[in-house]
Number of protein chains: 2
Amino acid sequence: MKKLINDPADVVKDALRGIEAAHSDRLRVDHENRVIYRKDAPVRGKVGLVSGGGSGHEPLHGGFVGVGMLDAACAGEVFTSPVPDQMMAATAAVDGGAGVLHIVKNYTGDVMNFEMAAELAAADSGTEVVSVVTDDDVAVQDSTWTAGRRGVGVTVLLEKIVGAAAEEGRPLGEVADLARKVNGQGRSMGLALTSCTVPAAGKPTFELGESEFELGVGIHGEPGRQRLPLVPAKDLAALLVEPILGDLPYGKGDSVIAFVNGMGGTPLLELYVMYNEVAQLLGKAGVTVARSLVGNYITSLEMAGCSVTLLKVDDELVRLWDAPVNTPGLRWGV
Amino acid sequence: MKKLINDPADVVKDALRGIEAAHSDRLRVDHENRVIYRKDAPVRGKVGLVSGGGSGHEPLHGGFVGVGMLDAACAGEVFTSPVPDQMMAATAAVDGGAGVLHIVKNYTGDVMNFEMAAELAAADSGTEVVSVVTDDDVAVQDSTWTAGRRGVGVTVLLEKIVGAAAEEGRPLGEVADLARKVNGQGRSMGLALTSCTVPAAGKPTFELGESEFELGVGIHGEPGRQRLPLVPAKDLAALLVEPILGDLPYGKGDSVIAFVNGMGGTPLLELYVMYNEVAQLLGKAGVTVARSLVGNYITSLEMAGCSVTLLKVDDELVRLWDAPVNTPGLRWGV
């Protein structure tokens, strides 16, 4: 294992110190609880947005904390859910009197811990908490750490769009409904060319042959649909886009945000090659691309591979997508 | 070789189509000449900024085209200089009557081709062209494809700062002087944990042992200072920061933009671990960090590793750094 780290046990601790040092203009970090906060949290009268999960998916979630997106992100160990104490601390700290939304990717540990935190926060301080779970991955029904579909790329788009709505001062019920709508209209699927190595494990999570790829891989390297011999980008794009299009389904006349995401170890050059193929497939299906996003936004350490997310949008969702955002990972309009 | 590509010969062509599809709101692409343009180029009365180089370093340079940065970027084959015809086309197309600045990384092919293009552009159309060469890499004096120091990370910072100055309508001489000042005050050094594979070659550019790293690596995998056994991030940071600090030199009371750059295959989590160490070393040296940048901005395909760039800044450089920019790779204020 070759990594730019100190002791493998200190990776998350050290990275949080780096995030704080690099972004102290916008963020603050509670090192004891391992929570990254928007600097001005809690914002009076605004619904507080809390997310979090295992580390190793950066910039998700800590890189999406800031004006127009999250108020707090709880960082677990690499690929390990944060614990309820972290989520309770975050919930209390971002409660500006309008309640708190938990945005939870559908993995058993995350769901269970966020549920417990929501109950305890309500009992402790009377904070009103609503949870929304993302489950946009069409690859498999159940998986290693998930009952039901996994929450993946749509989480990025949801945090942006719902963050904009919260910034407008909308009440908790509306913000939660919007989050459910975004999750309901979003679908994703990914593939891996290589595994990744969790620092504490010291060896690759799984093995792939010299010319194999894993279709439908999870963001922790969980098995997907099948292992296949590698094919050109054009065919890889079809293997991702077709199951997505057929699932919602998306069709002629629909407008989408098209998101080609890198898993962490794939060059941007290749992501643009993939985006070209995805855009052509959408064109053939009569689907209009309203907005696009290409880059590494929900990663799996140094895994090579990519995922495609489509989110069906109306004018309102596009307006919220375009609204100002100021986070380390996504920034525009400010 | 496992990559998300079609025919290895078509990688750049396909990626340019993807860039056009994803960013047609801001950019246009001349596919015959393989030049990416700011959509509204030429801008009347503004100095036109042209850069370019081998592909495989994305987002550099094509991802830095847009308002507040470059007017055009010429894309060569992977790790191969663009040809003078591309640069001539770009120079003519961005000439808004105030002349054109060529921003050239110091590699023999790039320097020679940009020189020829500048001469031909002047002879052909009378366009006034000034070239500024970046050579900020302190690792080695000469290298595989370079006489003198290599141009690396400072190029990103220079394109941003000089782009802001050109946007203000400053004349060519001033813009060029500013570019030279930025290059003169910037220093960089990098390291690699792994090699990368050029698609047309099909095999890794170089080999590193299981626990080795290359100190002072170039952005095409050119040899650096030495191969050493891997050490913790804290020590890696010192091996990069100390030669940089000693070279300008930077010292007590200096203010810098501190830039920790990923080579393409290193997780953001690790880049923040490195940033933490770099920030501590700067603190000990009495150097103040005015602004920071952490992420993959000048890459080497899927190489694992990082580089550190320091740029000594005054209030004016910070103001230009903070000015609005709207490119796929860097965006704020718009």
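Residues numbered from 1 in each chain as written. Chains lettered and ligands numbered in written order. Predicted model: local features only at pLDDT ≥ 70, side-chain atom pairs only at ≥ 80, totals over all residues. Heavy atoms only, no water.

## Remarks on the overall build of chain A
A count of helices and strands for chain A gives eight helices and 14 strands. Against the globule reference of 20 Å for 334 residues, chain A gives a C-alpha radius of gyration of 19 Å, in line with a compact fold. The C-alpha extent of chain A, read off along each of the three principal axes, is 55 × 50 × 35 Å. Within chain A, buried positions represent 63% of all 334 residues. (Helix = DSSP H or I, 4+ residues; strand = E, 2+ residues; numbered from the N terminus. Rg over C-alpha atoms; globule rule 2.2 N^0.38 Å. Buried < 20%, exposed > 50% of the residue type's maximum accessible area, 1.4 Å probe, protein only.)

## Focus: the packing of aromatic side chains
Residues and elements named next belong to chain A. Under the counting rule described, the total for this entry stands at four aromatic pairs over all chains. Here the aromatic rings of Phe259 and Tyr297 are separated by 5.9 Å at their centres, their planes lie at 65°, and the arrangement is edge-to-face. Of this pair, Phe259 sits in strand S10 (residues 255-262) while Tyr297 sits in the loop between strand S11 (288-295) and strand S12 (305-312); the two residues are 38 residues apart in sequence, bridging distant segments of the chain. Here the two residues Phe259 and Tyr297 agree in accessibility, since each one is buried. (Phe/Tyr/Trp six-rings, centres within 6.5 Å; stacked < 30°, edge-to-face > 60°.)

## Here's the deal with the pairing of strand S1 (residues 27-30) of chain A
The side chains of a regular strand alternate between both faces of the sheet. All names here are of chain A. Side chains Leu27 and Val29 of S1 all project onto a buried face; the interleaved residues Arg28 and Asp30 project onto a face where none is buried. In this sheet, strand S2 (residues 35-38) lies alongside S1 in antiparallel orientation, the contact comprising four bridges. Across the sheet, residue Leu27 finds its bridge partner in S2, namely Arg38. (Pairing = 2+ DSSP bridges.)

## A look at the UniProt feature "domain: DhaK" (unreviewed entry) in chain A
As annotated by UniProt and renumbered to match this structure, "domain: DhaK" (unreviewed entry) occupies residues 7-332 of chain A. Here residues 7-332 of chain A is 33% helix and 24% strand, with 36 Å between the C-alpha atoms at its ends. (UniProt positions renumbered as here; feature names shortened; annotations may be inferred.)

## Some details on the interface of chain B and chain A
Each partner contributes residues to the interface: chain B has 57 residues there, and chain A has 57 residues. In total, about 4400 Å² of surface goes out of reach between chain B and chain A, with carbon and sulfur atoms giving 65% of it. Looking at the side of chain B facing chain A, the largest losses of area belong to Lys2, Leu4 and Leu269 of chain B, adding up to 21% of the total buried there. If you look at where chain B meets chain A, you find two salt bridges. Measuring nitrogen to oxygen at the nearest pair gives 3.6 Å for the salt bridge that ties Lys3 of chain A to Glu270 of chain B. Where chain B packs against chain A, one counts 22 residue pairs in polar contact (both at pLDDT 80 or more). The leading source of residues in the side of chain B that touches chain A is helix H7 (residues 268-284) of chain B, at 10 residues. In terms of residue class, the side of chain B that touches chain A is built from 31 nonpolar, 14 polar and 12 charged. (Contact = heavy atoms within 4.5 Å. Buried area = accessible area lost by both parts, 1.4 Å probe. Salt bridge = Lys/Arg side-chain N within 4 Å of Asp/Glu carboxyl O. Polar contact = N/O pair within 3.5 Å; in protein donor to acceptor, adjacent residues only side chain to side chain. Nonpolar A, V, L, I, M, F, W, Y, C, P; charged D, E, K, R; others polar.)

## Thoughts on the domain arrangement of chain A
Residues and elements named next belong to chain A. We note that the domain assignment places domain 1 (9-185) and domain 2 (186-325) within chain A. Domain 1 puts 42 residues into the contact, and the matching count from domain 2 is 43 residues. In total, domain 1 and domain 2 occlude about 3400 Å² of area from one another, counting both sides; carbon and sulfur atoms represent 64% of this. Contact with domain 2 buries area across many residues of domain 1, yet Val138, Leu157 and Gln185 alone supply 19% of it, more than any other trio. Where domain 1 touches domain 2, the interface holds four salt bridges. Across the pair Asp314 and Lys181 runs a salt bridge, and its minimum N-O distance is 2.8 Å. Our enumeration of links across domain 1 and domain 2 arrives at 23 residue pairs in polar contact (both at pLDDT 80 or more). Examining the composition of the side of domain 1 that touches domain 2, we find that seven residues originate from one element, helix H4 (residues 154-167), more than from any other. In terms of residue class, the side of domain 1 that touches domain 2 is built from 22 nonpolar, 10 polar and 10 charged. (Domains from an automatic or database assignment.)

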